[in-house]
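Working through the structure, step by step
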Amino acid sequence: MSTGQGKLVVISGPSGAGKTSVCRALKRRPDVEFSVSATTRQLRAGERDGVDYHFLTREDFQRRAAANQFLEWASYNGNLYGTPRWPMDQALARGRVFLLEIEVAGTRQLRERGVPGLYVFIAPPSLAELRCRLEKRGSNGAAEIDQRLRIAEAEMAAARELVAGAPLYDVTVTNRDLDATIREVERLIWP
Ligand code: 5GP
């Protein structure tokens, strides 16, 4: 896979750690393009098909995965999520920063294939703080919050893993203050 002159930036982190807010800030920059993932999960209030995600049936998703249309894909909390292949190739060939907001299993697939890029993990200050943020956000029920916290714990452990002797993520940024976190990620991308 050619990565042209552009730069792939992979951002992961538990649900509620702030990675979507970080990505939203980065997306405002003119030299940044971002991946619109495909997912089988239900559309949430305020989300738009084709903008936040491409919302697919499980059958359609699986057909596309079998046809190798995804750069990586993973199952998260019972739903499938995948990165369409061609937008990244195009963006990198044009010298752009290409942003992927994905979970850890997808990141592992990219690392195992040696896909070059900057891999950043956004961590919450603590699991207790994460629970507060998820409760405040109000878009998940109590059972789903518990489930997301269990996933978060596993993701934070996975983020410390080594893949082929190298860390899965180049950097972990702990999000105590959103503006400071955004500035730090910007410094990593544009040193
Ligand atoms: P949510 O349902 O909250 O939008 O996303 C759940 C998780 O799936 C988040 O950690 C998000 O970053 C991740 N995710 C979103 N799109 C993709 C994708 O294309 N591939 C992978 N591996 N994870 C994704």
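Residues numbered from 1 in each chain as written. Predicted model: local features only at pLDDT ≥ 70, side-chain atom pairs only at ≥ 80, totals over all residues. Heavy atoms only, no water.

Thoughts on the packing of aromatic side chains
Considering all chains together, one arrives at 6 aromatic pairs under this definition. Centroid distance Tyr 53 to Phe 55: 5.7 Å. Interplanar angle 65°. Geometry classified as edge-to-face. Across the pair, Phe 55 and Tyr 53 agree in class, each one buried. Aromatic side chains Tyr 76 and Tyr 81 sit 6.0 Å apart centroid to centroid with 85° between the ring planes, which places their arrangement in the edge-to-face category. (Phe/Tyr/Trp six-rings, centres within 6.5 Å; stacked < 30°, edge-to-face > 60°. Buried < 20%, exposed > 50% of the residue type's maximum accessible area, 1.4 Å probe, protein only.)

Some words on the pairing of strand β8 (residues 118–123)
Of all 6 residues in β8, 6 are buried; the element is thus mostly enclosed. By the alternation rule, side chains of β8 split into Leu 118, Val 120 and Ile 122 and Tyr 119, Phe 121 and Ala 123, which are all buried. As paired strands, strand β1 (residues 7–12) and β8 are joined by 4 bridges and run parallel to one another. When the bridges of β8 are listed, Val 10 appears paired with Tyr 119. The sheet contact formed by β8 and strand β11 (residues 171–174) spans 4 bridges and is parallel. Paired with Ala 123 across the strands is Thr 174, a residue of β11. (Helix = DSSP H or I, 4+ residues; strand = E, 2+ residues; numbered from the N terminus. Pairing = 2+ DSSP bridges.)

Here's the deal with the site of the ligand
Neighbouring residues of the ligand: 16 residues in total, closest Ser 37, Arg 41, Tyr 53, Tyr 81 and Glu 103. Within the side chain of Arg 41, one N or O atom sits 2.6 Å away from an oxygen atom of the ligand. Interatomic distance of 2.7 Å between a side-chain N/O atom of Glu 72 and a nitrogen atom of the ligand. Within the complex, 94% of the 510 Å² of free accessible area of the ligand lies under protein. Sorting the residues of the shell around the ligand by element identifies β5 (70–76) and β6 (79–84) as the ones contributing at least two each. Tallied by class, the residues present in the shell around the ligand amount to 5 nonpolar, 4 polar and 7 charged. (Near = heavy atom within 4 Å. Polar contact = N/O pair within 3.5 Å; in protein donor to acceptor, adjacent residues only side chain to side chain. Areas by Shrake-Rupley, 256 points an atom, 1.4 Å probe, with all protein chains shown as cover. Nonpolar A, V, L, I, M, F, W, Y, C, P; charged D, E, K, R; others polar.)

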